[in-house]
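Results of the structural survey
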Amino acid sequence: MNRRTFLQASAIAPAALGSTSVAARPTSTQTISSERPSVVTPNGTTLPLRDVDGVKVGHLVAEAVDHEFAPGLRAQCWGYNGGTPGPTIEATEGDRLRLYVTNRLPEPTTVHWHGLILPNGMDGVAGLNQRPIPVGETFVYEFDLRHAGTFMYHPHYDEMTQIALGMVGMFIVHPRRPVGPPVDHDFALMTHEFRLEAGARRPDPNAMADFNVLTFNSRCYPATEPLVVGRGERVRIRLGNLGPMDHHPIHIHGLAFTMTATDGGFVPKSAQHPETTVLVPVGTTRVIEMVPTEAGDWAMHCHMTHHVMTQMGHRMSPMLGADTRRLDRRMRRVAPDFMTMGQTGMGGMDEMKMPVPRNSTPMRGGEGPFGGIDMGGMFTLLKVREDARAADPAGWHRHRRGRVAEVADPAAMRRDGIETK
Ligand SMILES: [Cu+2]
């Protein structure tokens, strides 16, 4: 495979995205072992690796990418091989890797292989371990994968700018001999955050707080591809956080999971405990495993409430509980469409479909089976189906009769002694 076919292969996925109806397709181009599933990177790709005399050879191209976070929200980001995050690197303990890195950015870069134990000269810290890769130049990294785990990669030159614009990726090294029970699904999800002013074309790399585009694999809900799995199947989700500033407590509904590994290694069975939320601090990976027992559409999201909104303006006065009728009457004399918002909460915002500035999607989530889902940002869906292979990723769970919360029956309320007056 020459460089052009590499680039074509990696360019397919970003172009095809942007809608939740895109099937959660397998992204790996190589079968590493017949017993285990390849890692699926929702909304992402896997780096093609070519065997050359026993060495696995890959090519990363650091470059600007025209990126869509969600329908209606695009930005000029930086990434690898046409996308942010970059392609997931997937190999096996004991492999020797030769990774070429071409720099098509307007400034130097390097790649640091986060969590991997390597010869010092392969560690990628500009100035410390190597000279930076000049603009237009290709450097080569070559090392043995001595240990298995869930790692990441990112630049270690002008980290603030390059990481803030999206230059991150996952690096997965499967163990030679399986650790723990075999899984049926293996997903990789990177949390990230950007500051993108409404209407702006480029994320602000100087932001330190008030990030307003919170993402899984650089997508905001509803553009995050759902994770479709079978009831009773064993599921592994590898979470990685290379965001600039924020740690993310990732919560999954409908099940409990255990953390089986970090980027430091595998967690001994005796130290694993059940959780429903896992904190993924900046600069770490957290691998969780679970066996969903309940079919349904289960929310998976960061539990920081401001991280499940997209481009919400936070610099507004709190209106909750305010009586604004007189204010509204007076304001309408000069501005007939005037309307204050938030007096009863912000829940209806999503459904008002108010005009928004160009290239922005404040708060907007997606359309669910029961109406609007008012969460955007770092939100995705774990769809647990009886038959995951036959399931339509865009479809919704079919509820059994009487198994959905509904308006209460007055006779039943009387019977149960419930009074609402
Ligand atoms: Cu968060």
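Residues numbered from 1 in each chain as written. Predicted model: local features only at pLDDT ≥ 70, side-chain atom pairs only at ≥ 80, totals over all residues.

A short note on the overall build of the protein
Short version of the rule: Think of it this way: any DSSP run of H or I at least four residues long counts as a helix, any run of E at least two long counts as a strand, and we number them from the N terminus. Here a residue counts as buried when 20 or more other C-beta atoms sit within 10 Å of its C-beta, as exposed when there are 12 or fewer, and as partly exposed otherwise, the C-beta atoms being derived from the backbone. What counts as a contact is two residues whose backbone-derived C-beta atoms lie within 7 Å of each other.
Scanning the protein from N- to C-terminus turns up 5 helices and 23 strands. Burial statistics for the protein: of 421 residues in total, 40% are counted as buried. Pairs at least 24 apart in sequence give 74% of the contacts found in the protein among residues at least 6 apart.

Describing the sheet that holds strand β14 (residues 248-252)
We apply this condition: When DSSP finds at least two bridges between two strands, those strands are taken to pair. Axis definition: a line fit to C-alpha positions, over the contact stretch in the case of helices; interaxial angles, taken between N-to-C directions, run 0 to 180 degrees.
What the 5 strands build is an open sheet, ordered β12-β23-β20-β14-β18; its pairing is mixed. Looking at the sheet topology across the chains shown, the edges are occupied by β12 (227-230) and β18 (277-280). Neighbour to neighbour, the strand axes of the sheet diverge by 20° on average, direction disregarded. When β14 meets β18, the two strands line up antiparallel, connected through 4 bridges. Bridging across to β18, histidine 248 finds its partner in valine 280.

As for unusual backbone geometry
In this structure, the amide linkage connecting threonine 84 to the following residue, proline 85, adopts the cis form with an omega of -5°. Among the structural elements, proline 85 can be located in the loop between β3 (73-80) and β4 (89-92). Residue proline 222 is bonded to the preceding tyrosine 221 through a cis peptide linkage, with omega at 15°. If you trace the backbone, proline 222 turns up in the loop between β11 (213-216) and β12. Positive phi values are uncommon outside glycine, yet asparagine 43 reaches one of about 65°. With respect to the helices and strands, the residue asparagine 43 is situated in the loop between α1 (3-16) and β1 (50-52). Residue asparagine 43 is classed as buried on the basis of its 26 C-beta neighbours within 10 Å. If you check the backbone angles, aspartate 158 has positive phi at about 45° while not being a glycine. Within the secondary structure, aspartate 158 sits in the loop between β8 (149-154) and α2 (159-164).

Thoughts on the sheet that holds strand β6 (residues 112-114)
Reading across the sheet, the 4 strands line up as β4-β9-β8-β6 and stay open at both edges, with mixed pairing between neighbours. A single partner strand is all that each edge strand has here, and the edge strands are β4 and β6. The sheet shows a mean angle of 25° between the axes of neighbouring strands, direction not considered. Where β6 and β8 come together, 3 bridges link them in antiparallel fashion. In the strand pairing of β8, histidine 114 is matched with methionine 152.

Structural notes on the nonpolar core
For clarity, the threshold we go by: Residues of type Ala, Val, Leu, Ile, Met, Phe, Trp, Tyr and Cys that are buried and joined through C-beta atoms within 7 Å form what is called a nonpolar core.
Counting residues in hydrophobic clusters, the biggest one holds 81 residues, and the most contacted among them are Phe171, Cys220 and Leu382. For phenylalanine 171, the contacting residues outside a window of four places in its chain are Ile89, Trp113, Leu116, Phe151, Met152 and Tyr153.

Quick look at the confidence of the model for the protein
This is how it is decided: A score between 0 and 100, pLDDT records how confident the predictor is in each residue.
In the predicted model, the protein carries a mean pLDDT of 88, and the fraction of residues at 70 or more is 84%. Here residues 1-33 is modelled with pLDDT under 50, and outside its nearest four sequence neighbours on either side it reaches 66 contacts, counting other chains as well.

Some points on the environment of cysteine 220
Following the sequence through the fold, cysteine 220 ends up in the loop between β11 and β12. Residue classification places cysteine 220 among the buried residues on the basis of 29 C-beta atoms within 10 Å. Each C-alpha atom of the pair cysteine 220 and phenylalanine 379 lies 7.0 Å from the other, and the pair is 159 residues apart in sequence. Residue contacts for cysteine 220: discarding those within four places in its chain leaves Phe69, Ala70, Leu73, Val213, Leu214, Thr215, Thr310, Gly376 and Gly377.

Brief notes about the environment of arginine 201
In this structure, arginine 201 sits in the loop between β10 (185-194) and β11. Sequence separation of arginine 201 and alanine 75 is 126 residues, and the distance between their C-alpha atoms is 4.8 Å. Residues contacting arginine 201, with those up to four places away along its chain left out, are Ala75 and Gln76.

Thoughts on the environment of threonine 285
For threonine 285, the position within the fold is in strand β19 (residues 284-290). Along the backbone, threonine 285 and glycine 240 are 45 residues apart, and their C-alpha atoms lie at a distance of 4.2 Å.

Remarks on the pairing of β3
The element β3 is largely enclosed, with a buried count of 6 among its 8 residues. Where strand β2 (residues 55-70) lies against β3, 8 bridges are found, and the strand directions are antiparallel. Among the inter-strand pairings, glutamate 68 is bridged to a residue of β3, identified as arginine 74. Two successive antiparallel strands, β2 and β3, enclose a turn made up of 2 residues, where glycine 72 displays a positive phi of approximately 90°.

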